[in-house]
Amino acid sequence: AQTVTQSQPEMSVQEAETVTLSCTYDTSESDYYLFWYKQPPSRQMILVIRQEAYKQQNATENRFSVNFQKAAKSFSLKISDSQLGDAAMYFCAYRTMNRDDKIIFGKGTRLHILP
Amino acid sequence: DARVTQTPRDKVTEMGQEVTMRCQPILGHNTVFWYRQTMMQGLELLAYFRNRAPLDDSGMPKDRFSAEMPDATLATLKIQPSEPRDSAVYFCASGLARPYSGREKRTYNEQFFGPGTRLTVL
């Protein structure tokens, strides 16, 4: 069975600084998706970034980028120029590429932005 | 602006009462998922449907939980009887799964989440 582990329950970063959230996963499959979701206090789940495992290039969305290390099964999220609106719970997640669409989530990292 | 809707947004009830949560998936989506979020367990999949047929409900306590899709525009999650340990946020998500032969890379289809129902069982 696939698992997703986020070892940092909470993190803090100064506004405008860069922060990296860690995630490791375990799977025996070769094709899959990895995601980072953001959950602000409104509790809406927002997709931040997606990575296909067959792509070597790391995904980037504006200030958000990932460091995908397939052999190490590591998938970290880097937030550059942190803003107050980035404060939220961040979930790392996994999904296979076969017909099973279900998403497996990590326990989350709560990110605080210090003004 | 297509979005998944869930009702009620918040629900407080007493132990033993029946609770029904409703979800309206995005029009045209053929997969619906129910997730439960708690502090201890995080986000867990309870059940999911494709074309209204249940595909996996292994994450759902069978004795008190039931999930149905009466039609393509409505998914329901019922708890009877409710217990304090059922207190959580319940999310519905929907997506569009396209036919897949297994020989090619699947076209990515995003899951869109509703705002969740926060359930408190006293």
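Everything below is about the structure shown above.
Report on the accompanying structure.

## Re the packing of aromatic side chains
Okay, so step 1: On inspection of all chains with the given rule, the structure shows 16 aromatic pairs over all chains.
Okay, so step 2: Considering the side-chain rings of A:Phe35 and A:Tyr37, the 5.9 Å spacing of their centres and the 45° angle between planes classify their relative orientation as tilted.
Okay, so step 3: Classification of A:Phe35 as buried rests on a relative accessible area of 1%.
Okay, so step 4: Between the aromatic rings of A:Tyr37 and B:Phe113, the centroid separation amounts to 5.6 Å while the plane-to-plane angle is 75°, which identifies the pairing as edge-to-face. Separated into two different chains, A:Tyr37 in strand β5 (residues 32-39) and B:Phe113 in strand β10 (residues 112-113) make up a pair that spans both.
Okay, so step 5: Among the residues examined, A:Tyr37 registers a relative accessible area of 1% and is labelled buried.

## What to know about the pairing of strand β9 (residues 88-95) of chain B
Residues and elements named next belong to chain B.
Okay, so step 1: Buried residues dominate β9, accounting for 8 of its 8 residues.
Okay, so step 2: Where burial is concerned, the two faces of β9 agree: the one with Ala-88, Tyr-90, Cys-92 and Ser-94 and the one with Val-89, Phe-91, Ala-93 and Gly-95 are both buried.
Okay, so step 3: In terms of strand pairing, β9 meets strand β11 (residues 117-121) through 3 bridges, oriented antiparallel. Bridging from a neighbouring strand, Tyr-90 pairs with Thr-117 of β11.
Okay, so step 4: In the sheet, β9 pairs with β10 via 2 bridges, with the strands oriented antiparallel. Residue Ala-93 lies in a different strand from β10, and its bridge partner there is Phe-113.

## Some remarks on the environment of A:Thr18
Residues and elements named next belong to chain A.
Okay, so step 1: Tracing the sequence through the fold places Thr-18 in the loop between β2 (10-14) and β3 (19-21).
Okay, so step 2: By relative accessible area, Thr-18 is classed as partly exposed at 47%.
Okay, so step 3: Between the C-alpha atoms of Thr-18 and Phe-91, which are 73 residues apart in sequence, the distance is 18 Å.
Okay, so step 4: With residues near it in sequence (within four places) discarded, Thr-18 still touches Val-13, Lys-78, Ile-79, Ser-80, Asp-81 and Ser-82.

## Some details on the pairing of β5(A)
Residue and element names in this part refer to chain A.
Okay, so step 1: Extensive coverage of β5 is indicated by the burial of 8 of its 8 residues.
Okay, so step 2: With 8 bridges connecting them, β5 and strand β10 (residues 88-96) associate as antiparallel partners. The partner of Trp-36 across the bridge, within β10, is Cys-92.
Okay, so step 3: The pairing of β5 with strand β6 (residues 46-52) spans 6 bridges and is antiparallel. If you follow Phe-35 over to β6, its bridge partner there is Arg-50.

## Regarding the state of the cysteines
Okay, so step 1: Scanning the model with the defined rule gives 2 disulfides over all chains in all.
Okay, so step 2: Covalent S-S linkage joins A:Cys23 and A:Cys92, the inter-sulfur distance amounting to 2.0 Å. Disulfide A:Cys23-A:Cys92: torsion about the S-S bond near -70°, hence left-handed. Remark: A:Cys92 occurs in strand β10 and A:Cys23 occurs in the loop between β3 and β4 (24-26); sequence separation between them is 69 residues. In this structure, A:Cys23 and A:Cys92 share a single accessibility class: buried.
Okay, so step 3: What pairs with B:Cys23 in a disulfide is B:Cys92, and their sulfur atoms sit 1.9 Å apart. Taking the torsion about the S-S bond as the criterion, the B:Cys23 to B:Cys92 disulfide, at about -60°, is left-handed.

## Looking at the interface of chain B and chain A
Okay, so step 1: Contact residues are listed per partner, giving 33 residues for chain B and 23 residues for chain A.
Okay, so step 2: Here chain B and chain A share an interface that buries about 2400 Å² over both sides, 48% of which is from carbon and sulfur atoms.
Okay, so step 3: Taken together, chain B and chain A are joined by 2 salt bridges.
Okay, so step 4: Between B:Asp10 and A:Arg43 there is a salt bridge, with its nearest N and O atoms 3.7 Å apart.
Okay, so step 5: Our count for the contact surface shared by chain B and chain A stands at 9 residue pairs in polar contact (both at pLDDT 80 or more).
Okay, so step 6: Sorting the residues of the side of chain B that touches chain A by element identifies β4 (31-38), β5 (42-50), β9 and β11 of chain B as the ones contributing at least two each.
Okay, so step 7: In terms of residue count, β5(B) provides more of the side of chain B that touches chain A than any other element does, 5 residues in total.
Okay, so step 8: Here the residues of the side of chain B that touches chain A sort into 14 nonpolar, 10 polar and 9 charged.

Definitions and cut-offs
Residues numbered from 1 in each chain as written. Chains lettered and ligands numbered in written order. Predicted model: local features only at pLDDT ≥ 70, side-chain atom pairs only at ≥ 80, totals over all residues. Heavy atoms only, no water. Phe/Tyr/Trp six-rings, centres within 6.5 Å; stacked < 30°, edge-to-face > 60°. Buried < 20%, exposed > 50% of the residue type's maximum accessible area, 1.4 Å probe, protein only. Helix = DSSP H or I, 4+ residues; strand = E, 2+ residues; numbered from the N terminus. Pairing = 2+ DSSP bridges. Contact = heavy atoms within 4.5 Å. Disulfide = S-S within 2.5 Å. Buried area = accessible area lost by both parts, 1.4 Å probe. Salt bridge = Lys/Arg side-chain N within 4 Å of Asp/Glu carboxyl O. Polar contact = N/O pair within 3.5 Å; in protein donor to acceptor, adjacent residues only side chain to side chain. Nonpolar A, V, L, I, M, F, W, Y, C, P; charged D, E, K, R; others polar.

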